[in-house]
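# Chains, contacts and geometry: an overview
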Amino acid sequence: MHPARLLALLVAVAGCGGSTSDSDTTDTTDTLDSDVAATDVALTVRFAATYGGEAAGCGDTLTALGADEVDSELLDLRFYLHDVALVTPEGDVPVTLDDDGTWQSEAVALIDLEDGTAGCAATGNAQRNDTFTGTAAATAPTALRFTLGVPDDLNHLDVAAAAPPLDVPGLYWVWQTGYKFARIDVRPTAADSAGWNLHLGAGGCTSSGSTVSPETPCARPNRPRITVPIAAAVNADGELTLDVDLALDALFVDAPVGTNTMGTPPGCMANPGDTAECDPVFTALGLDWETGQCVEDCAAQQVFNLP
Amino acid sequence: MSPHPSAGLAGLTALSALLVACAGGSTPDDAETDADSDAASDGLTWVRCADEAADTDDPQGWCWDLPPNVTPPAVPDDNPPTFAKARLGHRLFFDGRLSADGSLACAGCHPPETAFADPRPVSVGILGEATPRNAPGLQNAAFYATYTWANPLLLDLEAQHAVPLFGDTPVEMGAGGSEALIEGRLTADPDYPALFAAAFPDDASPVTLPRAIDAIATYVRSLTSAGSPYDRYVYGGEVSALSASAVRGMDLFFSEIAECHHCHGGFHLSRSVRTARSRFIEVAFDNTGLYSLDDQGAYPADNTGLHSVTGEASDMGRFRPPSLRNVALTAPYFHDGSASTLREVLEIYAAGGRTIADGPSAGDGRDNPHKSIFVGGFSATEQDFADLEAFLTSLTDDALLTSDKAKDPFNQH
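These figures come from a predicted structure and were not determined experimentally. (Residues numbered from 1 in each chain as written. Chains lettered and ligands numbered in written order. Predicted model: local features only at pLDDT ≥ 70, side-chain atom pairs only at ≥ 80, totals over all residues. Heavy atoms only, no water.)

### What to know about the interface of chain A and chain B
Tallying the contact residues gives 39 residues for chain A and 26 residues for chain B. Counting across the chain A and chain B interface gives zero salt bridges. Linking chain A with chain B are six residue pairs in polar contact (both at pLDDT 80 or more), by the criterion used here. No other element matches strand S11 (residues 196-200) of chain A, which puts three residues into the side of chain A that touches chain B. Per-class residue counts for the side of chain A that touches chain B are 20 nonpolar, 14 polar and five charged. (Contact = heavy atoms within 4.5 Å. Salt bridge = Lys/Arg side-chain N within 4 Å of Asp/Glu carboxyl O. Polar contact = N/O pair within 3.5 Å; in protein donor to acceptor, adjacent residues only side chain to side chain. Helix = DSSP H or I, 4+ residues; strand = E, 2+ residues; numbered from the N terminus. Nonpolar A, V, L, I, M, F, W, Y, C, P; charged D, E, K, R; others polar.)

What follows is the structure, encoded as structure tokens:
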């Protein structure tokens, strides 16, 4: 469900108390609205890619990356996220994303940590976006929660017609498979290596053809639910600013970056058959490769962390 | 192509009448009748509007001939499209008088019969000098992020026009140094002054080469294609538009086996794309392993692609992926016209690049160190090749190629 709609529903459920009278409902809602307004938190989340604890970007050498410890460079680093919530003692409070018409709609945000330089020149672009913003009625959150990827109801749009941020051709396959939830491509810097791509997206999608959207969700959702504990506090102005690291060393820790199984696409395309390349990165994200579901709420993921 | 004598045009009234043809409210029959009865000059009625609310009577108006699901292309702020500009540009595109010696029109290397692509391996300028490149097709050219086969600096069609008009290595149309001569020809023409004035009403003296470029760029932007069997199948839900073979080919094309769609995906069927809503331009140039003259992956020296602009070794052999619309009509293929048939192209990709046994270009392109990660090769049966060819052929848009805007306005009587 849409976070805003879910919030409205929660408010309505909490406030209505079973009454069906129009006046009661109106009064209650008004009261709750003012309560919500009084405790709204303006959330800002900033992402930074790191390698070995240091900031990492296009042009930096990722020394001894992955299972086979090959020096590598970034080729791309972008991902979508949605279903953001702040965790409180009372439960998860949905965050309504601000629709800026560019990097985020109310439903999904695009984080773009590549700047089109060095190795990122081939597929990237100059514009970066490391931040998303939103609001939530949560006074004392203990953790940030979000889902990596594009929600299922938006995942099989026509990229030529979709509204931002879902209009990026480089983050789209076709109708049947939908969007690349994350595109994190690296290349061993040895001259004979073409590259090793991580294209995370839904798996096991079935429809009558590649250009036809599935009518039922794909068998493997492949959307890790990420939880990051909160260290910062809401300030006097009702603002909460969080920094989250994306640790590339943790993501690729067991990935065979220096090799690729013959006959399969280079790296992990989240396709059945890509087991040798995908299983390690899925595990790093807390996902089960076979089912595409979180293992124990994806709690084991170490990729997204506090700095 | 020789310069064409131009028929008389009865001024702005007739121009307006011609522009009504896309018929916001009137039926197609009415439009045709109107155009016929008021016909002057070429008698062509080629503007179609997807947007029925567009004011097609207004020479300063504009509409895109695109279905509502397609976001229109970006246009430069200083050259918004109008019917009057496109109409003028249509005429100029087919007019050899834009070249220094009057012999070569844009259409000379971009003939509409072959979907505006040069049927010769490489295009030839007015002095008989061969360019290193095959002039590409123009349908949906407005959607590219950059222009020409490999130049990241040419960001719109207006900038691109400098290459064929003024380029001197080699000379193509040879307009450089002949600007006054060419502008004089246009000014002396019975029709052009009124057409330029209608297209650029705020200009005191609009008959200039820069304005001619603005008009031709607008005409080229009007050459949109969204009516192929593939479009009808995918966007129109017309299941019978594609054969079973074409559907199999399409699924292979969009698969992680053949990997074609990484560079030729989306509505544009090219990853070099920019629309009115694009927030950023993704640079899209790829080395597809066509050559490898040495262990550094060298391409022939006159055709090194992006490398020739940037000087970066890693940009060797990187060229813009072309849109595949009408690709069945645009042989020969690649930037240098070095593959004669679609089948030859498909076999090169299936092999993961091209091996050239001997001659000055000998080498194994499959081993090119700068080759795209997606040109890894794939195994394909005879049926697979036939299916891929059937799919590529389904990208042919007869609606554009048979429309009046694809016709030579000087040869309509």
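### Observations concerning the pattern of salt bridges
Evaluated as defined, the whole model comprises 26 salt bridges over all chains. Its salt-bridge partner being Asp286(B), residue Arg271(B) comes within 2.9 Å of it at the nearest N-O pair. A residue pair is termed long-range when its members are at least 10 positions apart, and Arg271(B) in the loop between helix H12 (261-264) and helix H13 (307-310) and Asp286(B) in the loop between H12 and H13 qualify at 15 residues. Judged by relative accessible area, Arg271(B) falls into the buried class, the value being 15%. Relative accessible area serves as the criterion here: at 12%, Asp286(B) is assigned to the buried category. Two residues, Arg343(B) and Glu382(B), come together in a salt bridge whose shortest N-O distance is 2.7 Å. Here Glu382(B) lies in helix H15 (residues 382-393) and Arg343(B) lies in helix H14 (residues 342-350), a separation of 39 residues in the sequence. Classification of Glu382(B) as exposed rests on a relative accessible area of 56%. One connected set of salt bridges, linked through shared partners, spans Asp76(A), Arg78(A), Glu114(A), Arg183(A) and Asp185(A). (Buried < 20%, exposed > 50% of the residue type's maximum accessible area, 1.4 Å probe, protein only.)

### Quick look at the side chain of Ser272(B)
All names here are of chain B. Within the secondary structure, Ser-272 sits in the loop between H12 and H13. What makes Ser-272 buried here is its relative accessible area of 1%. Here Ala-145 takes part through its backbone nitrogen, which lies 3.3 Å from a polar atom of the side chain of Ser-272. Residues contacting Ser-272, with those up to four places away along its chain left out, are Phe-143, Tyr-144, Ala-145, Thr-146, Ala-284, Arg-320 and Pro-321.

### Side note on the side chain of His110(B)
All names here are of chain B. Along the polypeptide, His-110 turns up in the loop between helix H4 (106-109) and helix H5 (157-160). Here His-110 falls in the buried class, since its relative accessible area comes to 15%. Of note is the side chain of His-110, whose polar atom sits 3.0 Å from the backbone oxygen of Pro-136. Apart from the residues within four sequence positions on either side, His-110 is in contact with Phe-93, Phe-116, Ala-117, Ala-135, Pro-136 and Leu-138.

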